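Okay, here's what each chain looks like letter by letter:
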Amino acid sequence: MAEPISALASPIFKLVVQKLALLIQDEIFTPAGFEKDVKTLQDKFMDIQKVIEDAEEIPRRSKVADLLEELKDAIYDAENILDMLSTEVLIWNEMRQVNTCPPVAPDWIFRLKNRSIVHGIHEIMERFDSIRSRFDSKKALLNLVGEDSVGKEKEKRGPARISSVMDLEVVGRVKEKREIIKMLKSSGNSVDGRVSVTTITGMGGIGKTVLARQVYHDRELDEFDIKSWISVSDSEGPINMSTIFDKIIDACAKAKKADKDSKLAGHCDVKIWISVTDREGPMNVSRSFENIIPAKDYIPGGSLESKLQHSVEGLKLLLVLDDVWTENLEDWKELEKGLLTAHNGTRVIVTGRSENVFGLSPQNVPIPHIPLGKLPHEECLKLFARNAIKGDESDLVNKDVKAIADGIVSKCDGLPLAVEVIGCLLRPQARHKWSGILNNDLAKVEEEYRDEKHRTLFVLRLSYFHLPPELKRCFSFCSIFPKGHEFDKDELVKLWMAHSLVQPSKLAETLEEKGRRCFDRLQELSFFQQQPESEKYRMHDYLHDLAELVSGKYSCIVKGENPSRIDPKTHHIALMCEKVEGASKSIMKCKKLRTILMPMSRNSLTDFGKTLGKMFQTLKYLRVLDLSSSSVAKLPKTLAELKLLHYLNLSRTKIKWLPNELCSLLNLQTLKLLDCPWLLGLPKGLSRLINLRHLEIEEAFWKYRCLRQPPNIGRLTSLQNLHKFCVGEAKKGFGIEQLKGMNDLEGSLHIMELNKAERAAEANLKNKPRVQVLELEWASETKREISQLKGKTPDEHDAEVLEDLEPHSSLTKLRVHRYCGKRTPSWLSRGKLQLLKTLILEGCQNLETLMLGRQENLEVICIKNMQKLRELPAQLECPLLHTLKIINCPDLIQLPQSIPKLRILKVKKCNSLKAIPSLSAIYSGTLVLVDNPVLEGFPGNYSVDFRDLGARIWRCMITNCPKIHGLPAKYYNSCRASMNRKLEIGECESIYFDPSEPLTQLAIDRCRSHTLLEAMNIISEYKFGITSDSVVSLHYLQSLSISNISDLISFPTKWEVQITSLYISACKDLEDLFDSEQSCKGSLPRLVNLCIRDCPKLSNFPEEGLPPKLELLVIQSCIRLESLGPPDTLKDLTSLADVCIVDCPKLQSFPAQGFPSSLQHLRIRDSPLLTEKVSKNEKGRGPDWPKIMNIPYLEIDEVRPSPAPVFASCSQSLTCFKGH
């Protein structure tokens, strides 16, 4: 017998009635003879509505559950028939629009073509009659007459919108929280060789995660270097420890980067909240010099355990492992071993339902254990009052509902989750109805359910019964996802839309807006909980159990290649197996299947084998098809059979071309093609997809692989994302007027080849309020077609086009490229774009004066390659402007005199500019001056304007500005707060900088060697950190980079400096790495990173060896280098972890004593003599093979393929040289 709750038919019934009403309105039905059939079906629906109301509201619903189940199946089948019919109408109307209908009796041909649908309608009506008859008979037997009015009363009520309670202070658990914090701060829990762990255990919904979250965010625990929260949720199978290891390593890497960034802004607290279900993409190695990762921060090769140990070494961590199900002590020991190198103050909190979570039972392991019992009645009453009436217990008394509240809370049996959900449920209800819920619904709890789980489920399902139909449908669908799944709101809404689960209830409301409203309502009712510090949401396990109970037989998760029996009536299937071919036979028996989803990210590709073609032929009612992360490279032609398909996901596949059959799927709303590197284009018939709303493709596709959008794209009036529109011939469907009706576009829009635009005003940009970023681009002068200008000069044509392309006032970013007009458009000069934050003008060759008007929110201005630009307004009316970049404007003579909030100023290749704005307001900013031949210096009196500048600028770069001979005398002043500064000096004979500034990075490029010697003198003179004037010195310098110093013969070592990184590049006269004044071991005692590149005269390394703490050694393009020094030169470097040698053709061998055991990664490229010493030959390996054979990861020509791990330190160090 069917479970009564899963048999509820009213949610889907109301949806089908709405569809039927819309279908009747179509004019094709009368001449085609469908009008009578459809109206008869509508009458049957009205009759069956009374059956549903009676059956679902009777006290003994279980007695008619089977009939309700049968009725629900019939309603679903009716929906399929109606959707098929509306699709055929859609296709027929499209054929009539393009004049491809048969010329004779087209409407009767339509009926003949769809006679199977007519037969289906008649069959549905017969099933309805049969069900109605049997229900009436059973109703009479059960003596249930007279209860018809209950359903009508139910229809009148529904929960009103309520505010979220998720972020309020937690009720209760004060004692437990204090106890845990005390244990975490105590040093008594620390034992050498063991990691301090505290477990929080208790039944589901008791508040374990909430308590752990409160502890995690408590200010008393800000002493930890890194806080990391990992949601494990491994109830679906054995715990994957390698995934947890990866996530901790990733959290440490993110936290270190966040810590570095936050220190620049003066913040130190670092928290990372992640889930082991996430899959991060490949690391994006930065190419900027300032982001070089010190050797101490890179992750070496070796086992996952060694990587974890390296990542956490010396760090004081607070690690929370939430919702752990395993009871295997060996899993904990494995994790504990990986954390042993962390600071002794590291603490771990584990939450789980079992007292023996991770095998850490207090009977077996002497650790702190916090068992959570039921919440006391008084605390539950507080929680109930807060959710039900937004007040406290006294308000319950005042509202005369205290007694009822006591009874309701008692029935919740001390379970906070049940109290919260019931409270949210009752908030919109009239107070007099509370007693009915207490006496009728909750009274059954103790009678029918003895175990806690089912008691809790019964309480929770009351909240489901009181949801409006559309929320019931949306919640039920979520059962297709596995427990612990992290929901993306927008993605879930698209799936709801694909199944028509949400319908707009307001005139101007979009489907997406309605879907987000439904999601927010469910979140407010605690059906979803937002992950802290994340945009993802999760559903409590008990609520997931409820969703499974509600969905019943209609949802199924397939976990293996040969799944157990799948109900043929299943509608939704989630594939969580790597090979689908074995399960395909069972899947294809589900003729009514609507969803194939792959909700879990995975490393390997799901293999569908040869089943797709047959599946598409069989499963004609599919609305959602997710083939992401699969081996699919080509779609079969049978794709055209999926006429009801609304959602197609091909992301992360090897697909190259989309077949033309795709364009016949007129119902398609969402097409996802993210991360498809082989995709070369879009089908020309894409404009047929008139219901397409979301075309999701990464920007790189539009930029590099798709030269032009498909023709007649303007037919897609519901499309919301079109990154690029390339203007072309209007007759071929590429005219700019195609954009006229596309008013739902949002995000970014890049319009190219505007030189071909005619009647640009028809683009109607003013009516596109959701477009936030707009790029307007003309072709270069050499590619312009003068014939299209119709007697106008290029500047007149461009000025007219730009004037007509006035965007909506909500625009936040504007980029104009290669505009040839001489004037600023009026909508910009009059300040109409009041929300504009970023303005980029590039290659606007004829513009001489930039007029902006008052821009209240403008923050960034970037001007580049504007050959005739002479001036910016002397008084710029942009009160929030903080970034100004001017590049290659040779005629520019005037910048604004003062920009109060300026933080970043970059001026490059401005041949006529003599002065820059006052920088007195710069704070934690950047000053870059490059290739400005007449720039004479800084405005005003140095002692006045620059009194505080040293305390504000953390990066200063001055290159090839010959008339600037020194920084202001007061450039640097006392500042102990900021310790992250960078100074770059280039192409300057002599430039003064004060040693009192706390620089961390110094770069000297294209200078003479005496400039370096001056710098070394300064560094050495102030090496002790505090001078007699009590100012911070260059003792804090961490990185020194020298490049293109032609007369440098050797790096000076007569001074002791404290730098940790030394980069030497393109010093053509460098013969010896270090001079002979003293040993580099004494002059560079803290050096960790040493990188040498493109030094053609360097032949040998120093005899005395290298600095003792070296961890990273990079040697590249040193074509005369023959030796790395004495036999023990590398063996004695006990911290050395990473060695990269590239393009050293004369380097003959590795040092005789080999490498230290600490070395994890060795990379040899384009160095044939070295490669020969370790390569295979007829006698085996070369003579140097024993020196390297035990190194975990080798990257050597013809020895081993490149390993999977990315060695950021080496890679970035090599990359950084490319810019010098």
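Refer to the structure printed above.
A brief look at the structure comes next. Here the structure is a predicted model, which means the values were calculated and not measured.

Quick notes on the sheet that holds strand S7 (residues 487-488)
Next, step 1: With respect to topology, three strands assemble into an open sheet ordered S7-S9-S8, the strand pairing being antiparallel. Of all strands in the sheet, those with a lone pairing partner are S7 and strand S8 (529-530), marking the two edges.
Next, step 2: Inspection of the sheet shows S8 paired to strand S9 (residues 536-538) by two bridges, in the antiparallel sense. The partner of Gln 530 across the bridge, within S9, is Tyr 537.

Topic: the sheet that holds strand S12 (residues 595-597)
Next, step 1: Spatially, S10-S11-S12-S13-S14-S15-S16 is the arrangement adopted by the seven strands of the open sheet, whose pairing is parallel. Each of the sheet's edge strands pairs with one partner strand only, and the pair in question is strand S10 (555-558) and strand S16 (694-696). Taken pair by pair, the neighbouring strands of this sheet meet at an average axis angle of 10°, ignoring direction.
Next, step 2: Relative to strand S15 (residues 670-672), strand S14 (residues 647-649) is paired through three bridges, and the arrangement is parallel. Each bridged residue has a counterpart across the sheet, and for Leu 648 the counterpart in S15 is Leu 671.

Some remarks on empty space enclosed by the protein
Next, step 1: Overall, the coordinates contain eight cavities of 30 Å³ or more when judged by the stated rule.
Next, step 2: The space that makes up the largest cavity amounts to roughly 270 Å³.
Next, step 3: Looking at the largest cavity, it is lined by 20 residues, and the ones nearest its centre are Tyr 76, Arg 473, Ser 476, Leu 501 and His 572.
Next, step 4: Of all elements in the fold, only helix H1 (10-24), helix H4 (65-97), helix H20 (469-477) and helix H23 (541-551) reach the threshold of two or more residues within the lining of the largest cavity.
Next, step 5: Ranked by the residues each element gives to the lining of the largest cavity, the list is headed by H20, at four residues.
Next, step 6: Among the residues forming the lining of the largest cavity, the class breakdown is nine nonpolar, six polar and five charged.

Here we look at the pattern of salt bridges
Next, step 1: Per the counting criterion, the structure on display carries 45 salt bridges.
Next, step 2: Glu 79 is the salt-bridge partner of Arg 594, the closest N and O atoms lying 2.7 Å from each other. Here Glu 79 lies in helix H4 and Arg 594 lies in the loop between helix H24 (584-588) and S12, a separation of 515 residues in the sequence.
Next, step 3: Arg 594 gets classed as buried once you look at its relative accessible area, which sits at 4%.
Next, step 4: Notably, a salt bridge pairs Lys 756 with Glu 753, separated by 2.6 Å at the nearest N-O pair.
Next, step 5: Residue classification places Lys 756 among the buried positions, given a relative accessible area of 18%.
Next, step 6: One connected set of salt bridges, linked through shared partners, spans Glu 775, Glu 777, Arg 815, Arg 818 and Glu 842.

Considerations on the pairing of strand S23 (residues 883-887)
Next, step 1: Judged by how many residues are buried, S23 sits mostly within the fold: four of five residues are covered.
Next, step 2: Of the strand pairs in this sheet, strand S22 (residues 860-864) and S23 are connected by five bridges, and their pairing is parallel. Counterpart to Ile 863 in the pairing with S23 is Ile 886.
Next, step 3: Inspection of the sheet shows S23 paired to strand S24 (residues 904-908) by five bridges, in the parallel sense. Within S24, the residue paired with Ile 886 across the bridge is Val 907.

Let's talk about the packing of helix H11 (residues 304-312) against helix H12 (residues 329-338)
Between two packed helices, both the angle of their axes relative to each other and the distance between the axes serve to describe the pair.
Next, step 1: Where H11 contacts H12, the two axes come as close as 8 Å, and the packing angle between them is 50°. Taken together, H11 and H12 sit at an angle that is classed as oblique. From H11, Glu 305, Leu 308, Gln 309 and Val 312 reach across to H12, where they touch Leu 335, Lys 337 and Gly 338.
Next, step 2: Looking at side-chain class alone, the contact of H11 with H12 contains three nonpolar, two polar and two charged residues.

Quick word on helix H21 (residues 489-498)
Next, step 1: When you tally the buried positions in H21, you get nine out of ten residues, the bulk of the element.
Next, step 2: Turning to H21, its buried residues are Lys 489, Glu 491, Leu 492, Val 493, Lys 494, Leu 495, Trp 496, Met 497 and Ala 498.
Next, step 3: Sitting at the amino-terminal end of H21 is Asp 488, which places a side-chain oxygen 3.2 Å from the backbone nitrogen of Asp 490.
Next, step 4: Positive phi appears at Ser 500, one or two residues downstream of H21, with a value of about 60°.

As for the packing of aromatic side chains
Aromatic rings considered in pairs are described by the distance between their centres and by the relative angle of their planes.
Next, step 1: What the rule picks out here adds up to 13 aromatic pairs.
Next, step 2: Centre to centre, the rings of Phe 475 and Phe 527 are 4.9 Å apart; their planes meet at 70°, and the pair counts as edge-to-face. Of the two residues, Phe 475 is situated in helix H20 and Phe 527 in the loop between helix H22 (511-524) and S8; the sequence distance between them amounts to 52 residues. For the pair formed by Phe 475 and Phe 527, the shared burial category is buried.
Next, step 3: Consider the rings of Phe 701 and Trp 702, whose centres lie 5.5 Å apart with planes at 75°: the pair is edge-to-face.
Next, step 4: Take Phe 701: its relative accessible area is 0%, and that puts it in the buried class.
Next, step 5: With a relative accessible area of 3%, Trp 702 lands in the buried category.

A closer look at the environment of Ala 21
Next, step 1: Assignment of secondary structure puts Ala 21 in helix H1.
Next, step 2: Take Ala 21: its relative accessible area is 33%, and that puts it in the partly exposed class.

Quick word on the packing of helix H13 (residues 377-388) against helix H16 (residues 416-426)
Next, step 1: Two numbers describe how H13 lies on H16: the axes approach to 7 Å, and their chain directions differ by 30°. The angle between the axes of H13 and H16 places the two elements in the roughly parallel class. With respect to the hand of their crossing, H13 and H16 are arranged in right-handed fashion. Within the contact between the two elements, H13 uses Cys 380, Leu 383, Phe 384, Asn 387 and Ala 388 and H16 uses Pro 416, Val 419, Glu 420, Ile 422, Gly 423, Cys 424 and Leu 426.
Next, step 2: Split by residue class, the contact of H13 with H16 holds nine nonpolar, two polar and one charged.

Thresholds applied
- Residues numbered from 1 in each chain as written.
- Predicted model: local features only at pLDDT ≥ 70, side-chain atom pairs only at ≥ 80, totals over all residues.
- Heavy atoms only, no water.
- Pairing = 2+ DSSP bridges.
- Helix = DSSP H or I, 4+ residues; strand = E, 2+ residues; numbered from the N terminus.
- Axes fitted to C-alpha atoms, helices over the stretch in contact; angles between N-to-C directions.
- 1 Å grid on protein atoms, 1.4 Å probe; cavity = no way out; pocket = protein on both sides within 12 Å on 5 of 7 lines; lining within 4 Å.
- Points joined across faces, edges and corners; volume = space filled by probe spheres on them.
- Nonpolar A, V, L, I, M, F, W, Y, C, P; charged D, E, K, R; others polar.
- Salt bridge = Lys/Arg side-chain N within 4 Å of Asp/Glu carboxyl O.
- Buried < 20%, exposed > 50% of the residue type's maximum accessible area, 1.4 Å probe, protein only.
- Parallel < 35°, antiparallel > 145°, perpendicular 65-115°, else oblique.
- Contact = heavy atoms within 4.5 Å.
- Polar contact = N/O pair within 3.5 Å; in protein donor to acceptor, adjacent residues only side chain to side chain.
- Phe/Tyr/Trp six-rings, centres within 6.5 Å; stacked < 30°, edge-to-face > 60°.
- Left-handed = near helix turned anticlockwise from the far one by under 90°.

Remember that the coordinates give geometry; whether it matters functionally is a separate question.
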